[in-house]
Amino acid sequence: MNKYIELIKGKLSEERFTHSIMTADMCRELAENHGYDPEKAYLAGLLHDICKEESETELKRLAFSHSLESANRSLDPLEKEIRKLWHAPAGAVYICEVLGINDTELISAVRFHTVGRAAMSKLEKIIYLGDLVERSREYPDIEKYREYVLFDLDLGMYEALKWSISECLTEKKQISRYTYEAYNYYVKKKG
């Protein structure tokens, strides 16, 4: 684990490095709470933003990689337009191609940590939610969201997606196809 901590420390600003450590800590806590491998969750949380501060050229090269297409992790049209969303798919490709990590669940967790998707694995939910509620995050009702995710990952996903879509509507931002498909999935699952 130390080699990955050193790697991200060298690739990220101090602020982004701290966020990555805090996300990893929250992911470990969520994994322990919900019966998942805490070390795998910690590693995925640690690596989730590994490409966040890459150059636009490198982000695009990685994010638009054909390896995502062949693994059913393709970019939706909105993700192709918005540079801010490239770091998640780029990170997934980087983890696989540069770091040699071939764990498909971990790669998918990094890939979908910004937009979510329907029928997420437990690790995907842990990373998506851990990034959202890590202990240094501050926004209205954060404590309520932390309670949701610590209690029930599916409830956490439902509430997080509701919040995310509401924020997009308020700020007149477009919504990824993956995000609204995830919302519809968790609405149906919530029953």
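Structural data are supplied above this passage.
What counts and how
- Residues numbered from 1 in each chain as written.
- Predicted model: local features only at pLDDT ≥ 70, side-chain atom pairs only at ≥ 80, totals over all residues.
- Heavy atoms only, no water.
- Phe/Tyr/Trp six-rings, centres within 6.5 Å; stacked < 30°, edge-to-face > 60°.
- Buried < 20%, exposed > 50% of the residue type's maximum accessible area, 1.4 Å probe, protein only.
- Helix = DSSP H or I, 4+ residues; strand = E, 2+ residues; numbered from the N terminus.
- Salt bridge = Lys/Arg side-chain N within 4 Å of Asp/Glu carboxyl O.
- 1 Å grid on protein atoms, 1.4 Å probe; cavity = no way out; pocket = protein on both sides within 12 Å on 5 of 7 lines; lining within 4 Å.
- Points joined across faces, edges and corners; volume = space filled by probe spheres on them.
- Nonpolar A, V, L, I, M, F, W, Y, C, P; charged D, E, K, R; others polar.
- Axes fitted to C-alpha atoms, helices over the stretch in contact; angles between N-to-C directions.
- Parallel < 35°, antiparallel > 145°, perpendicular 65-115°, else oblique.
- Left-handed = near helix turned anticlockwise from the far one by under 90°.
- Contact = heavy atoms within 4.5 Å.

### Remarks on the packing of aromatic side chains
Given two aromatic rings, one states the distance between the centres and the angle between the planes to describe the pair. For the coordinates displayed, the defined rule picks out 8 aromatic pairs. Plain terms: the ring middles of Tyr139 and Tyr145 are 6.4 Å apart, the flat faces sit at 45 degrees to each other, and that makes the pair tilted. On the basis of relative accessible area, Tyr139 is assigned to the buried category, the value being 18%. Relative to Tyr183, the ring of Tyr158 lies with its centre 6.3 Å away and its plane at 15 degrees, an arrangement referred to as stacked. Of this pair, Tyr158 sits in helix α11 (residues 153-170) while Tyr183 sits in helix α12 (residues 177-190), and the two are 25 residues apart along the sequence. On the accessibility criterion, Tyr183 (26% relative accessible area) is partly exposed.

### Description of the pattern of salt bridges
In total, this model carries 18 salt bridges according to the counting rule given. Close ionic contact of Asp49 with Arg16 constitutes a salt bridge, the shortest N to O distance being 2.8 Å. With a gap of 33 residues between them, Asp49 in the loop between α3 (38-47) and α4 (56-63) and Arg16 in helix α2 (residues 14-33) connect regions that are remote in the sequence. What makes Arg16 partly exposed here is its relative accessible area of 22%. For Arg83, the salt bridge is made with Glu56, and the minimal N-O distance between the two is 3.6 Å. Here Glu56 lies in helix α4 and Arg83 lies in the loop between α6 (77-81) and α7 (87-97), a separation of 27 residues in the sequence. Under the relative-accessibility criterion, Arg83 is labelled partly exposed at 35%.

### Re the layout of surface pockets
The computed volume of the largest pocket comes to approximately 1,000 Å³. Secondary structure elements with two or more residues in the lining of the largest pocket: α2, α9 (122-133) and α11. Its residues assigned to classes, the lining of the largest pocket shows 11 nonpolar, 11 polar and 10 charged.

### Details of the packing of α9 against α11
Closest axis-to-axis distance for the α9/α11 pair is 10 Å, and the angle between their directions is 50 degrees. Classified by the interaxial angle, the pair formed by α9 and α11 is oblique. Crossing hand, α9 versus α11: left-handed. On α11, the residues touching Lys122, Lys125, Ile126, Tyr128, Leu129 and Leu132 of α9 are Leu153, Asp154, Gly156, Met157, Ala160, Leu161, Trp163 and Ser164. The residue makeup of the contact of α9 with α11, split by class, is 9 nonpolar, 2 polar and 3 charged.

### Considering the side chain of Ser65
Mapped onto the elements, Ser65 comes out in the loop between α4 and α5 (66-70). Discounting chain neighbours no more than four positions away, the residues touching Ser65 are Val93 and Glu97.

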